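# Coordinate analysis (summary)
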Amino acid sequence: MKFFALSILCFFSSLLLHRIPSANAADKETEHAALPPRGWNSYDSFCWIISEQEFLESADIVAKRLLPHGYEYVVVDYLWYRKKVKGAHIDSEGIDLIDEWGRMVPDPERWPSSKGGKGFTEIAKKVHDIGLKFGIHVMKGISTQAVNANTLIYDYDKGGPYMEAGRQWRAQDIAIKEKPCAWMPHGFMAINTKLGAGKAFLRSLHKQYADWGVDFVKHDCAFGDDLDEGEIAVVSEVFKGQQNRPIIYSLSPGTSATPAMAQKINGLANMYRVTGDDWDSWPDVAAHFSVARDFAAANMTGALGLKGKSWPDLDMLPLGWLTDANSTQGPYRACKLTQDEQKTQMTLWAMAKSPLMFGGDVRKLDDTTYGLITNPTLLEIDHHSSNNKEFPYINGGKGGATGPSAGAIPSGVRSWIATGRKGEIYLAFFNLNNAKTTIWAEIADLSKAIPGWKIKPPCKGTEIWSGKDFGVMKKSVWAEVETHGCALFVLNCN
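One structure accompanies this document, and this report is about it. (Residues numbered from 1 in each chain as written. Predicted model: local features only at pLDDT ≥ 70, side-chain atom pairs only at ≥ 80, totals over all residues. Heavy atoms only, no water.)

## Remarks on the sheet that holds strand E21 (residues 413-419)
- What the six strands build is an open sheet, ordered E19-E21-E22-E27-E24-E25; its pairing is antiparallel. Edge positions in the sheet fall to strand E19 (386-390) and strand E25 (469-473), since each of these pairs with one other strand and no more. Across this sheet, the average inter-strand angle for adjacent strands is 20 degrees, counted without regard to direction.
- Where strand E24 (residues 459-463) and strand E27 (residues 486-493) come together, five bridges link them in antiparallel fashion. Bridge pairing links Gly461 to Leu491 in E27.
- The strands that helix H11 (residues 288-297) touches are E19, E21 and strand E22 (425-431); relative to E21, the one it contacts most, it runs at about 35 degrees.
- Together, E19, E21, E22 and E27 form the strand contacts of helix H12 (residues 339-351), whose direction differs from that of E22 by roughly 140 degrees. (Pairing = 2+ DSSP bridges. Helix = DSSP H or I, 4+ residues; strand = E, 2+ residues; numbered from the N terminus. Axes fitted to C-alpha atoms, helices over the stretch in contact; angles between N-to-C directions. Contact = heavy atoms within 4.5 Å.)

## A short note on the state of the cysteines
- Counted under the stated rule, the structure contains two disulfides.
- Put simply, Cys181 and Cys221 are joined by a disulfide, and their sulfur atoms are 2.1 Å apart. Of note, the bridge from Cys181 to Cys221 carries an S-S torsion of about 110 degrees and is right-handed in sense. On the criterion of sequence distance, the pair formed by Cys181 in the loop between strand E9 (175-180) and strand E10 (188-191) and Cys221 in the loop between strand E11 (216-220) and helix H8 (229-240) is long-range, its members being 40 residues apart.
- Given the relative accessible area of 0%, Cys221 is considered buried.
- The partner cysteine of Cys459 in its disulfide is Cys493, sulfur to sulfur 1.9 Å. With the S-S bond torsion at 110 degrees, the cross-link from Cys459 to Cys493 turns out right-handed. Of this pair, Cys459 sits in strand E24 while Cys493 sits in strand E27; the two residues are 34 residues apart in sequence, bridging distant segments of the chain.
- Under the relative-accessibility criterion, Cys493 is labelled partly exposed at 24%.
- Taken N- to C-terminal, the disulfide-bonded cysteines of the protein are connected 1-2, 3-4. (Disulfide = S-S within 2.5 Å. Buried < 20%, exposed > 50% of the residue type's maximum accessible area, 1.4 Å probe, protein only.)

## Focus on the sheet that holds strand E15 (residues 308-313)
- With respect to topology, nine strands assemble into an open sheet ordered E14-E15-E13-E12-E11-E3-E2-E1-E18, the strand pairing being mixed. Only two strands of the sheet have a single partner each, and these edge strands are strand E14 (303-305) and strand E18 (356-358). Direction aside, neighbouring strands of the sheet carry axes that sit 30 degrees apart on average.
- Relative to E15, strand E13 (residues 271-273) is paired through three bridges, and the arrangement is parallel. Along E15, the bridge assignment pairs Arg273 with Asp313.

## As for the packing of helix H3 (residues 52-66) against helix H4 (residues 121-129)
- Interaxial distance between H3 and H4 falls to 10 Å at its minimum, and their mutual angle equals 15 degrees. One element, H3, and the other, H4, form an angle in the roughly parallel class. The handedness of the crossing between H3 and H4 is right-handed. Where H3 abuts H4, its residues Glu52, Phe55 and Leu56 lie against Ile123, Lys126 and Val127.
- In the contact of H3 with H4, the residues fall into four nonpolar, no polar and two charged. (Parallel < 35°, antiparallel > 145°, perpendicular 65-115°, else oblique. Left-handed = near helix turned anticlockwise from the far one by under 90°. Nonpolar A, V, L, I, M, F, W, Y, C, P; charged D, E, K, R; others polar.)

## What about the packing of helix H7 (residues 196-212) against H8?
- The interhelical angle for the contact between H7 and H8, taken along N-to-C directions, is 45 degrees, at an axis separation of 10 Å. Viewed along their axes, H7 and H8 adopt a mutual orientation that is oblique. When you trace H7 past H8, the crossing you get is right-handed. Packed against H7, whose contacting residues are Lys199, Leu202, Arg203, His206 and Lys207, the element H8 presents Glu231, Val234, Val235, Val238 and Phe239 at the interface.
- When its residues are assigned to classes, the contact of H7 with H8 shows five nonpolar, one polar and four charged.

Shown next, in the form of structure tokens:
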């Protein structure tokens, strides 16, 4: 009898043990932004002038060529509501499209499927039908155009004008005119989120985006120098309540962003820019090293986020065929970074586990750029590595070791380290100097950067960009690294 009871107990215990991992796996799958998001954004190649046809052509290519590599979002960047007329520019006033409630609507000349009040509904459906997710860029606050028109505030829940204290509320009641967007002062201004009407306006905006089928919202002029904690909190609450279609919440720009600033909002968002706009110039790339180091050191990589995790965002990848900042023409030129500089950018972004949002014209995606942004080792590191941080114990050039106190000046040598799912170690060397430089690290020093790991020589290693098998390395890891270039080692050690 005791044997029978014991057998029954063991049987049910085994069932319970088998159920627990399944539940944990399900939780992992439903965690929002469990991995750094990947996708394509229209800004670097089209600035603000992209049309429906151009966007859908691009989305189709992303679905066929980049989706298999995890690039699942296609995002329409800013000013999709601006009329493309002579003289129009990023800070134009009075030529945007708004509805009767002061909300932005797509320009029907560029987005013909939006006619009849459909917004981006049809675009989103077409994107979803090819297996992708759809995103849009939005500005914080309320448009100057809506304030000048003094439009009524819409109460989304009641389906009519927002009423409080016995009256209807309007745009001028919630606008804070003395707080315009710093980089688009004639376009948008902050709103008073302490007012019920201010909250109602934001709810009406972002619930409408959800109704359109939006999966990704890039919220600009809300972070960095333009930090607006009140608006971020209200928008985050709207997205938190989205059950049918979770929305990735991205914040921008990142000028003057710090880990301390990010700690105020990381739990409310899924990704947030940590620098100003990154374009295809070496100073832009080099400026990311210290910023990436600081956010990693503050344990912000994959920290708590909206309904899941959040990720410091090093900005889009301006590679391939591009336009210019603030331009009124589409893609017309090649990326100005050298091949070595492009490899450095991709390697740093991956080692820092940044979201990867490609910005080049996918309709003219060359083999070299395609190989770069789909490199399997980089994508593995970006999504599945751990212990990602700057590695200070390196030597190179006349300056010797580059320690944690190194500044943002684009010179010297840098290194990052991370660990892989199978016990491998990723070690990247970066040469920020204007001449080829030999960079090396002692294998015995690797353990200093990875708590709990006791790494002893020898190590076997391969360098990814050259494809060179270095065989057994008994004491150190070294490479001659080209100007502004990098070396990326995959090491298997004792």
